[in-house]
Structures are given as C-alpha cells and as structure tokens.
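Chains, contacts and geometry: an overview
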Amino acid sequence: MAFKNMLTQFFLLGFLLIFASAEAQEYKIQGKVIDSENVALESATIYVETVKDSSLVDYTISDTDGNFVIEGSTDATEVNLYISFTGFQTYKKKYQLSKNSMINTGSVILKLDDNTLGEVVVQATKAPVSIKTDTLEFNAASFKTKADANLEEVLKKLPGVTVDKDGAVSVNGKKVSRVLVNGKEFFGDDPKIATKNLPKEIINKIQVVDTKTKSEEFTGKEGDSENKTINITIDEDKNKGYFARLTAGGGTDERYELSGIGNYFKDDLRVSILASSNNINSSGFTFDEVFDAMGRSAYSFARSSNGSFSINGNSFGGGGGVTKSDNGGISLVNEWDDETELSANYFFNRGDTKTRTEIERENILPDRTYFNNSISSSEKKNDNHRARFGFEFQPDTLTRISFRPNMTVNNGFSKSNSNTSSFREDGNPINNAETEQYSELYSNNFSNRLNVTRKFGSRGGFVSLGFDNTNNTSEEENVYFSSREIYDDLGNLEETEVQDQFINQNTRKDEYSIKANTRLPLSEKLSLDVSYSYTKSNDKSERLIYEKDGVTGEYDVLIDTLSNDFNSETFNHRPNIGLVYKDDKLRASISGGLENVRLKNEDLFSETSFDNTYNNLYSNAYFRYKINKTKSIYFNYRNSRDTPSITQLQPVTNTTNPLNVVTGNPNLDPSLEHRMYMNFNNYDFKSRSGFYAYLGGNLTNDKVVGITTTNEDLVRTTTYTNVDGAYSMFVGASLDKTITLESKNTIKIDAGVNGNFSKDLGFSNGVKFNSNRYSVSPRVGVQYDIIDVLTVEPSYDISFNNAKYSLNNTRDQNYINHDIALEVTSYWPKNFVFGNDISYRHLGNIAPGFKNDFVLWNMSLGYKVMGDDGIFKVKVFDVLDQNISTSRNTGDDFVQDTQELVLEQYVMFSFTYKLSKFGGKDPNKKARRF
C-alpha cells in the first residue's frame, strides 16, 4: 500500500510538471560574442537569470566562432541576459519574454576589464560556469540543491561531473584525486572526507584543475592532466566559523556506530578533529546523508565492495570479513603572511577484523587435473598511528623551501587456521593439510622529504634540489604448525609430515636519495629539462626458524637450512634529459635516460652472494592537444625496466608453505615493460552532454614468471624465469547527459562500455602455457531529481567474459554477469527522509554449492527535528537477509570459487546532530519552524 501511494504521488507530480510547462514561456536567444577588434571569443559564458529573484534560468558556452544559442522555457516574463569572459567586463541586458520569444542579439562586443575606476561595472551576479586556460570553474549557488546539501550533492549537479556509488568523483571521465579548501588539504588525502562533510552554505566556487605537487604549483610545471584536483573556495564573509556533525546509533546483533567530525576555520587557520567507533565495516568519517556511517557500499560482493576503505594510507576492513574499528584524528593548517605554511595531522586506528573463507579450486596440470577444498579463518588486531607534518617557507617570491616528515607505527597480532584437502578427479584423496599460526608484529616507518626550489628568468626556468630518506623497521614473531597427511593411489594413508616451528623475522631498510633537476627555457614555448637522482639503500632481513627441543619442549633448536640472514645494498643512478613544448593548444614532452642499478646481496647462513649490475635505457613521451577549450586529445608512452625482487633473486629455499616450496633464481634479467595510453574527452555545454573515450595497453618482455613443478603428492616447487610476449589491452568510452526539466528538475544519464584483453604466460611441469582473457562490460545509469522531493537512480551493468587456456581447452570459460541497482530517496513529506538502496547480482560461472544470485536491500527512514539540525533514523542493512560474498577467479592454471564471511542483517537506530556557524550566523536558523 505504501508503495502504491508513493507511485500515485510520483505520477501526480509528473502531471503537475506537465501542466506547469504548458503555462511557461518558450524562448530562444542567439547571437555572437566578439571583442573590440572583431575577434570571436570562444567559451564565453552566456546565462539567463530572472529579474524577479536572480535565479538561474539557463546557460551555455560560445563555440569556436563565438556563436551561442540559449533556448527553453520559463515562467518568468522578464529576464536578464549576461555574457562574461575572463579579462572582460560582464555584459548585461534585460529582455521581455512572451510566448515563443525569438531574440537575436547580433554581435555583442565585450570591453576589456582594465580595472580603471569608473569604467568597471560591478555585477551582483556570477557566471554559473567559467572556462579559463587550465581551470574549469563553477559557481555553487547557480546549481539548485536541497537546502542542507553537502559538497557531494552539489558535485552531482555539475555538468560533466559524475559521482559513483562509492563516492568517487570524476570530471569529464578523469578521476578526482584530491579535494582542497582554499588551496589547502582538508584533513589528509581522502577526497571523500571533504565531499561528504563540507556544507554547501560555505562554498563559493568549485574549481577543477590538473593535479599538481606543491613544487609544480610553485614553478608552474605541468601537472598530471589525467588526474584532477577540486579546489573549494569559501566566501570571504563566511571564512570564519565552525561546523560539526555527531552520530550515535545502536542496533541488533550488538551492532553500533559512534562518529563525529568538527571543523573550525578563521581566515588561513583551519583545525579539524574526527573520531569514530563501530563494528559495521565503516570508517565513520564519510557520512552518507541517508545511511550515515553504514554508507551505501558496505557490501561484500561486486566491485570489491566488501566494506574495505582506506584513509591517508591506512586500510580499514577489506579482504572480506567483519571489522570493528576505533578511529580518531586531528588536523591543523595555518598560513602566515603568504610566506609560511604549516600543516600537521595525526590519525589513530585500532582495527579488529575477523574472516572466514571457503575455497573450491580446480588445478590444471599438463597431464592431469586435481582439486583443493579449503576452509580458513583468522582474526587480526592492529593499532596504527600515523603522523604527518609539513612546513613550507618562501623567503622571497622566487624561492621555496619545504620540509615534510611522516611517521607510521603499527603494533598488532594475528591468528589463523586452515584445513585444505586435495583429491583426484575420481574423488580419491591425495593429501590433507592443517595449519595454525599466531603472529605478533611491530613496525616503525619514518620518511622525510626536503626540497629547495629557485625560479629564474621570466619563461618558467627553475632549479630544484631534494633530499629524501626512508627508514623502516619491523619485528615479527610467528608460531607456525602444520600437519600434512599423504595418501597413496588407492586413498590409503601413507605418510604424515609435521612442521612445528617458531619463526623470528626482523627487517630493516634505510634508503637515502639526492635529486636535482632544472628547467632551462630555450624559447617562449620550448624548454630543456635535465635531472639526476642517486639512491642508496641498505636492506637487512633476518629470518631465524626454530623447532622444539625433544627434551625441554622449547623452541631453541635452530634450523640452519631454512634460516637466512640477508644483507643487501642497492645503488641507483638515474640521469634524464628531455624537451618540453607548451603553448595554448599543445603541451608535449619527450625524455629519456639511462638507469644504472647495482644490487649486492649476501646470505650469512648459506654463505651465498651475488653482485649484479643492470643498465636500463628508459624513455617517456606524451602530448595533450586542445582542439578547443572543451575538447582535448591526450597520448602517453613510457617504458621502464623493473628489477626482480630479492625473493625472486635469492637462491634460498623457503618451505614455510609445505605445499609450495619456493627458491629464487639469481640469473634473472629485469623485465622491460612498454605502456601506452591515449584518450579523447569533450563536454558540450550547449547540449549538457559529455563524451570520454580511451585506449591503452602494455607489452612486457623478460617478464618474471614462476616455473612450477607439481609431484605426485601435490607438493609444488617454484622458481622463476624470464619470458617474452605477455601483454594486455583495454578500451572504453562513456557518455553523460543532463536534461533540465521544468522547475529545475533534472535527469542525468551516464552510460558507457569498457573492454579488456590480456595474455599471460607461465610454466607448469616443464610445459609453457598461456591464457587469454576477454571481457566487454556495457553499463547505464540514470538519476532523476525532483528538488526537495525525490531522487531515483536506477543502473544496470552487464559483463560478457571469455577465457581460453592452452593447458586444457576443455575448461575455457564463457559466461555473463549481471548487476542491477536501484536507489530511491524521498524527501516528502516534509521532515522525512526515506532511502532505499537495492542491488541484484547474478554470477554466470559459480560452481555448484555456491549461490550465484542474490538481492541486497538497505533501507533508511529518518525524521528531521530542530529545523535541519537533528535527525532520528532507523536503518536496516540487508532487509532480505541475503548478503553473501561469492566470487570466481580464473588463473593461468586454476579456477577458484571463493565465499567469505560478511556482515549479516541488522537494524540500527541512530540520531545525528549538526551544528554550524559561518560568518557569525547559523545557516539553518532561517529553516527552523516550531
């Protein structure tokens, strides 16, 4: 009945919208924008506002010839037309609208804004969108949202901006990697803390730029155009105040959530604190408006959404299972006289994760197939402390000095057990292995970066010197027990092998680097980049393995053959030279160098050592061409050589896993990887549609792969070799379009498709094999918004998969996965917030015994009190009690089905309270009605 009533209301609203559109004025305004020398102005912003209340009616951007057209309908009879362009005075003219108004402005001449008093016309309006040389800028007030919206809700309204289910933001197909506030980090490096918590009331402009390091910002050097940074500017009159949010909740099955974040800011000073405690796989920092800390992605299936997340490099949850976490932190940013900036933050996390995993695995050998079934469980507890400090000083306008030390300390333990059974195709057992482990770990990681940069000349020249150091230590004690039963061909128990060991492992790594680079301008557009770096690292790894004394029962008998004590040194010289070209349309670079790596390693136990030197030529080339201010093409090629790891090189046998004995190969060569990537992106502000396409891949020669031999008892021995010919390719495209209806209701469509192909190589029992994998995954999503009333977001993803294996083509895979989701959030009737998040998944290739389809439905009902400051909620996780974590992984010589422990159904009752004050005013006060 409730659903029927909601459906009736939905159609009634639609009818009212159609009726309203019949009474609206149809209009069309067209013209051309030029300067005083009759030069067309491309990407000028043209927008229409009502005279009555200055609300935005519509906007567009002029094309390459300066032409523009705005057409649509509005209830207003009087409107103002504005035309703005950076460096010019804003043009304004009032028009009367009647039914089917057709207005041609002709050529509008914009006057230069020379800041001469008396000639500047100060407008009380701002362009909704401005396109500058390297900056896309939005006026937050021009995009209508709910009264108490946060930054994420504003971003969802912006043209070309998409926010996915997990809160990740993209602009014209490019990922947003950072969110800054007035150019400064907002509580570390997790963008979601800013997007979920910053209130719209304080936001002035939203600027999108290429992601740059601090040094790149200072020198003007090119940034990473494939990653974007969003900078939020705060209105000057609101840049003093505070805002905070507190949530407390308790539920069934002893589930609970406690979380809070507070921010105080005054001009260039900002202090933030946060804290949370919960056992629902959440950080507690990234509040979802409807589901709070429970979020909309605490799933354990699809898109790796198992409740895992990370913040400032710390991971919470993940790897399946259920996590209880206690978190807290404080952040400080301050600036003095535009010369000195201090930033510091500290995070603490205590995590307790429990996992349980069931695996069924088919293993393919050249001459036979065998199977493993395993069940394992674990508990991991860890305390993590992380502190960051940043100091930046500019003694003059040409010099910058920065100092950035970081420290991370971990202290924890884990315990686990597993049971693995192996059997032949006819069902007869081959072996059975049980393991138990208990580990205690302590690690201390310190790093520091010191950089001095000096600019010279007027063409962007600079010289930079840097010193980096990293000092990491870890101490681990591990009690390891395993028992392996071996059966003969008839299934009779033949032998039992036991390992009962105490493993003491200590590692230390000290690395020091000196870097120097300079840019020498050769002309206005061409520069020469020269750099050199030298890195020296010392590694010490001591792994001592003891077994019990037969008399005392203590672990004090050292096993020399399994123990090792490595000392290694690495010397890395890396000179580089390149040319950089930059103008208004084209940015390009080509560079290369010779990397010289010397690797010395010695094992004091086995008295083995090697001293290898690798000389690796490398190169890099890229260009980005702007077809116009909204269209661009990007291409990048690079190659690199990767030196094998110590584990892969060291000729020492590791038998910790009794079913997989590993020995390194000191004769390995570095792998050579070629990587290529290109894309095209465009956003048409006239049609509110964006298009993004990309193509990329990599080819690896001398790739390090395993050579595995499996004996009749299924004991695998692994070493390594180099092979040529491994490669992968990927291609995709996406389209998004926003349709604005009457009363500013919108429909936003996001559609796309991506494809992947890869070829992998390896060896099994002396036979070289390859596997080829293909996948094509189209998707479509729609978001329909009736402001302050209803949001409906359906989506559908389908994935076509195919895998072929040379070892045994009878196990070639061909299957289809389906994902269907529907999010519905209602803000009607007044003061109520009703959210439903429903997901259905069907997996096309799950083995018998594993459920291959399920529905996950989360529900939340909230009631606002105290204006918009407080809200009571009842939330239900997994309404239908179907949440599972099932997946299939296909490797080069195996097929594996996995099912893991996940959060199960619970009901949560919570209360959230918000308090804020900006520029001496409470922004919610006007909304309170008692």
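Every chain begins its residue count from 1, and numbering advances along the sequence as written. Residues qualify for local features only when their pLDDT is at least 70, as the model is predicted, and side-chain atom pairs are given and counted only at 80 or more; totals for whole chains, interfaces and linings, by contrast, use all residues. Think of the side-chain values as coming from all heavy atoms in the structure, minus any hydrogens and water.

1. Things to note about the pairing of strand S50 (residues 906–918)
Pairing of strand S16 (residues 240–251) with S50, which is carried by eleven bridges, proceeds in the antiparallel orientation. Of the residues in S50, the one forming a bridge with Gly 250 is Phe 909. When DSSP finds at least two bridges between two strands, those strands are taken to pair. Secondary structure is summarised from DSSP: a helix means a run of H or I of at least four residues, a strand means a run of E of at least two, and numbering begins at the N terminus for each. In this structure, strand S47 (residues 870–877) lies alongside S50, joined through eight bridges in antiparallel fashion. If you follow Gly 870 over to S50, its bridge partner there is Tyr 913.

2. Topic: the sheet that holds strand S3 (residues 56–61)
Read across the open sheet, the four strands follow the order S3-S2-S5-S6; overall the sheet is antiparallel. The open sheet has two edge strands, S3 and strand S6 (91–96), and neither has a second partner. Ignoring which end each strand starts from, the neighbouring axes of this sheet average 20° apart. Where strand S5 (residues 78–84) and S6 come together, six bridges link them in antiparallel fashion. Residue Asn 80 lies in a different strand from S6, and its bridge partner there is Lys 94. To get an axis, fit a line to the C-alpha atoms, keeping to the stretch in contact for a helix; angles then go from 0 to 180 degrees between the N-to-C directions.

3. Focus on the side chain of Ser 84
Note on placement: Ser 84 falls in strand S5. If sequence neighbours within four positions are ignored, Ser 84 has contacts with Ala 44, Thr 45, Tyr 47, Thr 90 and Ala 127. It only takes one pair of heavy atoms within 4.5 Å for two residues to be counted as in contact.

4. Brief notes about a negative patch on the surface
The patch calculation keeps residues exceeding 30% relative accessible area without a salt bridge and links them within 9 Å when they carry like charges or within 5 Å when they are nonpolar (Val, Leu, Ile, Met, Phe, Trp, Tyr). Residue burial considers only the protein chains on display, and all accessible areas are found by Shrake-Rupley using a 1.4 Å probe. Criterion for a salt bridge: a side-chain nitrogen of Lys or Arg within 4 Å of a carboxyl oxygen of Asp or Glu. When charges are counted, neither His nor the chain ends are considered; positive counts come from Lys and Arg and negative counts from Asp and Glu. By convention, the point assigned to a charge is CZ for Arg, NZ for Lys, CD for Glu and CG for Asp. A cluster of acidic residues, Glu 236, Asp 237, Asp 267, Asp 268, Asp 337, Asp 338 and Glu 339, forms a negative patch at the surface. Structurally, Glu 339 is set in the loop between strand S21 (322–336) and strand S22 (340–364). Since its relative accessible area comes to 41%, Glu 339 is described here as partly exposed. Burial classes follow relative accessibility: with a 1.4 Å probe on protein chains only, a residue under 20% of its type's maximum area counts as buried, one over 50% as exposed, and anything between as partly exposed.

5. Concerning the environment of Asp 326
If you trace the backbone, Asp 326 turns up in strand S21. Here the alpha-carbon distance between Asp 326 and Asn 278, two residues 48 residues apart in the chain, equals 6.8 Å. With residues near it in sequence (within four places) discarded, Asp 326 still touches Tyr 256, Ser 276, Ser 277, Phe 348, Asn 349 and Arg 350. We call two N or O atoms a polar contact when they sit within 3.5 Å, provided that within protein one can donate a hydrogen and the other can accept it, with sequence-adjacent residues counted only if both atoms are side-chain atoms. One polar contact links Asp 326 to Ser 277, side chain to side chain, over a distance of 2.4 Å.

6. A closer look at the nonpolar core
Ranked by internal contacts, the top residues of the largest apolar core, which has 43 residues, are Val 129, Leu 155, Leu 198, Ile 206 and Ile 230. Non-local contacts of Leu 198, meaning those with residues more than four positions away in its chain, are made with Asn 150, Leu 151, Val 181, Phe 186, Ile 232 and Phe 243. Within the second largest apolar cluster, 21 residues are counted, among which are Tyr 27, Ala 44, Val 57 and Phe 68. By nonpolar core we mean a set of buried residues, namely Ala, Val, Leu, Ile, Met, Phe, Trp, Tyr and Cys, connected to one another through side-chain atoms within 4.5 Å.

7. Let's talk about the confidence of the model for the protein chain
Values of pLDDT, ranging from 0 to 100, describe the predictor's confidence in every residue of the model. Scored by pLDDT, the protein chain has a mean of 85; 90% of the residues are at 70 or more. When the criterion is pLDDT under 50, residues 1–22 qualifies, and its contacts beyond four places in sequence or with other chains add up to twelve contacts. In this model residues 296–319 is a low-confidence stretch, pLDDT under 50, and it forms 82 contacts with partners more than four residues away in sequence or in other chains.

8. Overview of a nonpolar patch on the surface
A cluster of nonpolar side chains, namely Phe 389, Phe 391, Phe 403, Leu 450, Phe 467, Tyr 512 and Ile 514, defines an oily patch on the protein surface of about 580 Å² accessible area. Those elements giving two or more residues to the nonpolar patch turn out to be strand S23 (369–396) and strand S27 (493–521). Among the residues examined, Phe 403 registers a relative accessible area of 34% and is labelled partly exposed.

9. A few points about the pairing of strand S39 (residues 716–723)
In this sheet, S39 lies alongside strand S35 (residues 660–663) in parallel orientation, the contact comprising three bridges. Opposite Val 662, over in S39, you have Thr 718 as the bridge partner. Pairing analysis gives eight bridges linking strand S38 (residues 703–710) to S39, with the strands arranged antiparallel. Looking at S39, one finds that Thr 708 is bridged to Thr 718. In textbook terms, the turn of a hairpin is the stretch between consecutive antiparallel strands, and for S38 and S39 this stretch comprises five residues, one of which, Leu 714, has a positive phi near 65°.

10. Some thoughts on the sheet that holds strand S4 (residues 67–74)
Pairing is mixed in the open sheet, where three strands are placed in the order S4-S1-S7. Whereas interior strands pair on both sides, the edge strands pair on one side only; in this sheet they are S4 and strand S7 (101–109). Strand-to-strand, the axes of this sheet are offset by a mean angle of 15°, without reference to chain direction. Both strand S1 (residues 25–34) and S7 contribute to a ladder of seven bridges, which runs parallel. Note that in S7 the partner of Gln 30 across the bridge is Asn 104.

11. Side note on the environment of Leu 365
For Leu 365, the location among the structural elements is in the loop between S22 and S23. Through-space distance from the C-alpha of Leu 365 to that of Thr 710 is 8.2 Å; in sequence the pair is 345 residues apart.

12. Focus on the packing of aromatic side chains
The pairing test for Phe, Tyr and Trp rings, Trp by its six-membered ring, is centres within 6.5 Å, and the orientation test on the planes gives stacked under 30 degrees, edge-to-face over 60, and tilted for anything in between. Counted according to the given criterion, the structure contains 25 aromatic pairs. Ring centres 4.7 Å apart and planes at 40° place the aromatic pair Phe 757 and Tyr 774 in the tilted group. Taken together, the positions of Phe 757 in strand S41 (residues 746–764) and Tyr 774 in strand S42 (residues 767–786) put the pair 17 residues apart, joining distant regions of the chain. One aromatic cluster is present, built from ring pairs that chain together Tyr 622, Tyr 634, Tyr 677, Tyr 692, Tyr 694 and Phe 730. Stacked on the ring of Phe 218, the Lys or Arg Lys 455 has its end atom at 4.4 Å from the ring centre. Note that Arg 574 overlies the ring of Tyr 618, its terminal NZ or CZ placed 3.8 Å from the centroid. In this analysis the charged atom, NZ for Lys or CZ for Arg, is taken to sit over a ring once it is within 6 Å of the ring centre and within 35 degrees of the ring normal.

13. Some words on the environment of Ser 563
By secondary structure assignment, the location of Ser 563 is in the loop between strand S29 (555–558) and strand S30 (564–582). Sequence separation between Ser 563 and Val 652 is 89 residues; the distance between their C-alpha atoms is 9.1 Å. If we ignore the near neighbours within four places in the chain, the residues touching Ser 563 are Arg 543, Leu 544, Ile 545, Leu 558 and Phe 605. Here Ile 559 takes part through its backbone oxygen, which lies 2.8 Å from a polar atom of the side chain of Ser 563.

14. Notes on the pattern of salt bridges
All chains considered together, the criterion is met by 43 salt bridges. Taking the shortest distance from any N to any O, the salt bridge between Lys 381 and Glu 379 comes out at 3.8 Å. Among the residues examined, Lys 381 registers a relative accessible area of 35% and is labelled partly exposed. Residue classification places Glu 379 among the buried residues on the basis of a relative accessible area of 14%. As a salt-bridge pair, Glu 511 and Lys 509 come within 3.9 Å of each other at their nearest N and O atoms. Since its relative accessible area comes to 25%, Glu 511 is described here as partly exposed. For Lys 509, a relative accessible area of 33% corresponds to the partly exposed category.

15. A short note on unusual backbone geometry
Only a minority of non-glycine residues have a phi that is not negative, and only a minority of peptide bonds are not trans. Each neighbour pair has its own omega, and for Trp 828 with Pro 829 the value is 0°, a cis peptide bond. Within the secondary structure, Pro 829 is located in the loop between strand S44 (813–826) and strand S45 (832–842). Not every positive phi belongs to a glycine, and Met 866 is a case in point at roughly 55°. In this fold, Met 866 is placed in the loop between strand S46 (853–865) and S47.

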